[in-house]
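Here is how the chains run, residue by residue.
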Amino acid sequence: MAMAMAAETLGSGDLNVRADEKRESDTLKMFAAKLLLVASLIAIGTSVTATPQIDILGGYELFGLCVNNCAQCKKLYGEYFEGQRCAESCIKYRGKTIPDCEDTAYIAPFLNTLLSPKSVF
């Protein structure tokens, strides 16, 4: 009977050792996974930086700025400014040419001279 007790004690000891080894293995795997996650986040955070000078979205930001400037010029000049033609040029050139309402040489193609019936000779 003492032999059986000794065998049971050794058997449970082996199970405890295996359980401890498994816990250590799981802990090591979790540590490695967390370390990999942190390293990945650091790598992503340092390699991706947004700069407005780079046209990442294929002209979307410049296009929006161009159309907004067309709208500002339309508000400023009213009926004398052809806003639709300005917006069409934004589409045609993908926002690469941004209108400056104060530069009359630039916005000259979008200005028209309205002739009222009274101003006709």
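Coordinates for the structure precede this section.
What this report covers is the structure whose coordinates are included nearby. Note that the structure is predicted; figures quoted are calculated from it, not measured.

1. Details of the overall build of the chain
Counting secondary structure elements, the chain contains 4 helices and 0 strands. Seen in sequence order, the chain has helices and strands lined up from the N terminus as α-α-α-α. For the chain, with 121 residues in total, the buried portion stands at 12%. Sequence-distant contacts in the chain: of pairs separated by 6 or more residues, those separated by 24 or more amount to 67%. Accessible surface, the chain: about 10,100 Å² in total, of which carbon and sulfur atoms supply 66%.

2. Observations regarding the packing of aromatic side chains
Per the counting criterion, the structure on display carries 3 aromatic pairs. A ring pair is formed by Tyr77 and Phe81, whose centres lie 6.4 Å apart and whose planes are at 25 degrees; its orientation type is stacked. An aromatic cluster is built from Tyr77, Phe81, Tyr106 and Phe110, whose rings are joined through pairwise contacts.

3. A short note on the state of the cysteines
One pass over the structure, following the stated rule, counts 3 disulfides. One disulfide in the model links Cys66 with Cys90; its S-S distance is 1.9 Å. In this structure the cystine formed by Cys66 and Cys90 twists about its S-S bond by roughly -80 degrees; its chirality is therefore left-handed. Residue Cys66 is located in helix α2 (residues 60–77), and its partner Cys90 is located in helix α3 (residues 83–92); the two are separated by 24 residues in the primary sequence. Two residues, Cys70 and Cys86, share a disulfide whose sulfurs are 1.9 Å apart. Between Cys70 and Cys86 the sulfur-sulfur dihedral comes to about -70 degrees; the bridge is accordingly left-handed. With Cys70 in helix α2 and Cys86 in helix α3, the pair connects residues that are 16 residues apart, well separated along the chain.

4. Topic: a nonpolar patch on the surface
Taken together, the side chains of Leu28, Phe31 and Leu35 define a hydrophobic patch exposed on the protein surface, amounting to about 350 Å² of accessible area. Inspection of the secondary structure puts Leu28 in helix α1 (residues 2–47).

Cut-offs used in this document
Sequence order sets the numbering: in each chain, residues are counted from 1 along the sequence as written. Per-residue local features of the predicted model are confined to residues with pLDDT of at least 70, and side-chain atom pairs are confined, for both listing and counting, to 80 or more; whole-chain, interface and lining totals are unaffected and use all residues. With hydrogens and water excluded, all non-hydrogen atoms of the structure serve as input to the side-chain values. Elements are defined by DSSP. Helices are runs of H or I of four residues or more, strands are runs of E of two residues or more, and each kind is numbered from the N terminus. Exposed residues in this analysis have more than 50% of their type's maximum accessible area, buried residues have under 20%, and partly exposed residues fall in between, with area computed by a 1.4 Å probe over protein chains only. Pairs of residues are marked as contacts when any of their non-hydrogen atoms sit within 4.5 Å. Accessible areas in this description were obtained via Shrake-Rupley with a 1.4 Å probe; residue shielding takes into account the shown protein chains only. Stacked, tilted and edge-to-face are the three classes assigned to paired rings of Phe, Tyr and Trp, where Trp is represented by its six-membered ring and a pair needs centres within 6.5 Å; plane angles under 30 degrees give stacked, over 60 edge-to-face, the rest tilted. Note on disulfides: each one is a pair of cysteine sulfur atoms within 2.5 Å. Like charges within 9 Å and nonpolar side chains (Val, Leu, Ile, Met, Phe, Trp, Tyr) within 5 Å are joined into patches, using only residues over 30% in relative accessible area that form no salt bridge. Put simply, a salt bridge is a Lys or Arg side-chain nitrogen that is within 4 Å of an Asp or Glu carboxyl oxygen.

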